[in-house]
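Overview (structure and organization)
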Amino acid sequence: MKPIPKYLFLHLFLYLIILLMFFSSINILKSEAVSNATALVVEVKPPWDTVDPGIAECILAALNKAENTNRVLIISLDTYGGWLDSAFIIGDAIYTARVPVIGYVSGGKALSAGTLILLPTHVIALAPNAIIGAAQPIAYDPVSGSIKYVNESKILNPIIQKATSYARVRGRNESVAKLFIRSNLVLDADEALKVGIADLIALDVNELFSKIRGKVINTTGGTYICLLYTSPSPRD
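Residues numbered from 1 in each chain as written. Predicted model: local features only at pLDDT ≥ 70, side-chain atom pairs only at ≥ 80, totals over all residues. Heavy atoms only, no water.

Another point: the pattern of salt bridges. Scanning the entire structure with this criterion turns up 7 salt bridges. For the salt bridge of glutamate 43 with lysine 45, the shortest nitrogen-to-oxygen distance reads 3.3 Å. Among the residues examined, lysine 45 registers a relative accessible area of 39% and is labelled partly exposed. (Salt bridge = Lys/Arg side-chain N within 4 Å of Asp/Glu carboxyl O. Buried < 20%, exposed > 50% of the residue type's maximum accessible area, 1.4 Å probe, protein only.)

See the structure below:
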């Protein structure tokens, strides 16, 4: 049996090196952009439309499941608002989410605490008839049932700072975010899109999917490409 020439060993070695570099480059490309083909939906709508600790717990559980299963989280909103603390708990979790979070005002409104939840989402989508804003805090007296608008700077300024930080990290209009709180500004879908708060208008979930399909979204967990082609997974 004739010995194998040394130059063949060299060619084989170089070939293996090239193959290794090729597959390594594929892995790098995959790690830079991971696709999401399914979504998890959590709804805040009547009769459970008040943003409170129970809703916060539900959304955080949904986000945790979305992160563990590498799915897009869609928060579907139709709410007048609720508790400030609960809104910040939800907003802070969305702010650091490892998967794309889409805030979709599927009903007629996401006001007050609902708007604060929207601001840190990676994509804000509104139904054509939706309105957002009116986020000035109020003090409610459970004994008399009276409501008082809060104007003290010690309370307003931290809320404004939190809202603008949410807007800033997503490249949204910070001045408008301030006006939601300081002046109770309310915007319809077209106005929110025009001033740089909303990203798109969608009549329903199917239109939402078609408009975000292929969208590249950066999160704390990496870069994702949304490839949503089918109806959302069951609300589990």
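As a further point, take the pairing of strand β15 (residues 222-226). Strand residues, when the strand is regular, have side chains that alternate between the two faces of the sheet. Relative to β15, strand β14 (residues 216-219) runs antiparallel, the two being bridged by 4 bridges. When the bridges of β15 are listed, valine 216 appears paired with isoleucine 225. The turn linking β14 back onto β15 is made up of 2 residues. (Pairing = 2+ DSSP bridges. Helix = DSSP H or I, 4+ residues; strand = E, 2+ residues; numbered from the N terminus.)

Right, let's talk about helix α5 (residues 153-169) for a bit. Look at α5: 24 Å from first C-alpha to last across 17 residues, which is about the 24 Å you get at 1.5 Å a residue. Listed in full, the buried residues belonging to α5 are Leu156, Ile159, Ile160, Ala163, Thr164, Ser165, Tyr166 and Ala167. Downstream of α5 by one or two residues, glycine 171 has phi in the positive range, about 70°. (Expected span 1.5 Å × (residues − 1).)

Let's shift gears to the sheet that holds strand β9 (residues 131-133). Pairing is mixed across the open sheet formed by 3 strands, whose spatial order is β7-β9-β12. The open sheet has two edge strands with one neighbour each: β7 (109-111) and β12 (186-188). On average, each strand axis in the sheet is tilted by 15° relative to the strand beside it, whichever way the strands run. Of the pairings in the sheet, the one linking β7 to β9 comprises 3 bridges and is parallel in character. What sits directly across from leucine 111, in β9, is glycine 133. (Axes fitted to C-alpha atoms, helices over the stretch in contact; angles between N-to-C directions.)

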